Amino acid sequence: IIMKNVGTTDVVIRLILSVIFFSLFFILEGNLKYLGLIGLIPLITAIFRTCPLYIILGIKTCSNKNN
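Predicted model only: the values in this text are computed from it and were never measured. (Residues numbered from 1 in each chain as written. Predicted model: local features only at pLDDT ≥ 70, side-chain atom pairs only at ≥ 80, totals over all residues. Heavy atoms only, no water.)

Check the secondary structure of the chain and you find 3 helices and 0 strands. If you list the helices and strands of the chain from N to C, you get α-α-α. A compact globule built from 67 residues should have a C-alpha radius of gyration of about 11 Å, whereas the chain, at 14 Å, is more than 25% larger. In terms of overall dimensions, the chain has a C-alpha envelope of 45 × 20 × 20 Å along the principal axes. Taking all 67 residues of the chain together, 25% fall into the buried category. In the chain, the share of contacts with a sequence separation of at least 24, taken over all contacts with a separation of at least 6, comes to 68%. (Helix = DSSP H or I, 4+ residues; strand = E, 2+ residues; numbered from the N terminus. Rg over C-alpha atoms; globule rule 2.2 N^0.38 Å. Buried < 20%, exposed > 50% of the residue type's maximum accessible area, 1.4 Å probe, protein only. Contact = heavy atoms within 4.5 Å.)

Take a look at the structure:
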């Protein structure tokens, strides 16, 4: 069981960041365009509402009722 540790505001920020990073895939040329794939990280953490880095650091941005 993976506990949720990402709150709603955090999810929205992560989704916005993923869109920005994915847009780099279409804007940049050559091998630099693959930097846009970094957008997968905030997208996946937003979908599952779990951030491995938050687990390591003991951070939790969601309320207790969302567990």
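With that settled, the discussion passes to the pattern of salt bridges. A full pass over the atoms with the stated rule returns 1 salt bridge. With a shortest N-O distance of 3.2 Å, Arg14 and Asp10 are connected by a salt bridge. Taken together, the residues Arg14 and Asp10, both in helix H1 (residues 8–27) and 4 residues apart, mark about one turn of the helix. Residue Arg14 shares its accessibility class with Asp10, and that shared class is buried. (Salt bridge = Lys/Arg side-chain N within 4 Å of Asp/Glu carboxyl O.)

Now for the packing of aromatic side chains. Summed over the entire model, instances satisfying the criterion amount to 2 aromatic pairs. Between Phe25 and Phe26, the aromatic rings sit 5.4 Å apart at their centres with planes inclined by 90°, giving edge-to-face as the arrangement. Accessibility expressed as a relative area gives 70% for Phe26, which makes it exposed. Look at Phe25 and Tyr34: their rings are 5.8 Å apart centre to centre, the planes differ by 65°, and that puts the pair in the edge-to-face class. Classification of Phe25 by relative accessible area gives partly exposed; the value is 25%. Connected via pairs of aromatic rings, a cluster forms that spans Phe25, Phe26 and Tyr34. Directly above the aromatic system of Tyr54 lies the positively charged group of Arg14, at a separation of 5.0 Å from the ring centroid. (Phe/Tyr/Trp six-rings, centres within 6.5 Å; stacked < 30°, edge-to-face > 60°. Lys NZ or Arg CZ within 6 Å of the ring centre and 35° of its normal.)

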